[in-house]
Amino acid sequence: MQHLAFSPEFTAAVEAKQVAQQEAQRAAFVVDKARQEKQATVVRAQGEARSAELIGEAIKKSRSYVDLREFANAREIASILEKSKNKVFLDANVLGLNVTQTQQDKDERRK
């Protein structure tokens, strides 16, 4: 059996080729990841646009969705303030509930 040795130039060329292949694979991975992120962004934006359309249609039919969101926002504000060490006194208008508002006031606000 004989011992084969390659020249340093040949060995360096083989190593350079392997490094270049690894960098090409890495670049292909980065490009693929960017494409996937782009697609995810497009899908997310389409979903948000459709959601906005549906909310707009619901609001046109009935204001109850807005009233429900106002109530949910008031609950969230109250929850945040409840956890605070500061003492805060709020009335229904400050929380956005407007519970004393008459139906006529609500109808005028919608116009």
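Keep in mind that this is a model prediction, so the values were computed, not measured.

Engineer: Can you help me understand the pattern of salt bridges in this one?
Structural biologist: Side chains bearing opposite charge may pair, as long as their charged atoms lie close to each other. Tallied over the full model, the rule gives one salt bridge. The shortest N-O distance in the salt bridge between Arg50 and Glu53 comes to 3.1 Å. Placement of both Arg50 and Glu53 in helix 1 (residues 8–61) is noted, with a separation of three residues, approximately one turn of the helix.

Engineer: Any chance you could explain the packing of aromatic side chains here in plain terms?
Structural biologist: Each aromatic ring pair is characterised by the separation of its centres together with the angle its planes make. The tally for this structure, following the rule as stated, stands at one aromatic pair. Ring centres of Phe6 and Phe10 lie 4.9 Å apart, and the angle between their planes is 35 degrees; on these two criteria the pair is classed as tilted. Note on Phe6: relative accessible area 56%, which makes it exposed.

What counts, and at which threshold
- Residues numbered from 1 in each chain as written.
- Predicted model: local features only at pLDDT ≥ 70, side-chain atom pairs only at ≥ 80, totals over all residues.
- Heavy atoms only, no water.
- Salt bridge = Lys/Arg side-chain N within 4 Å of Asp/Glu carboxyl O.
- Helix = DSSP H or I, 4+ residues; strand = E, 2+ residues; numbered from the N terminus.
- Phe/Tyr/Trp six-rings, centres within 6.5 Å; stacked < 30°, edge-to-face > 60°.
- Buried < 20%, exposed > 50% of the residue type's maximum accessible area, 1.4 Å probe, protein only.

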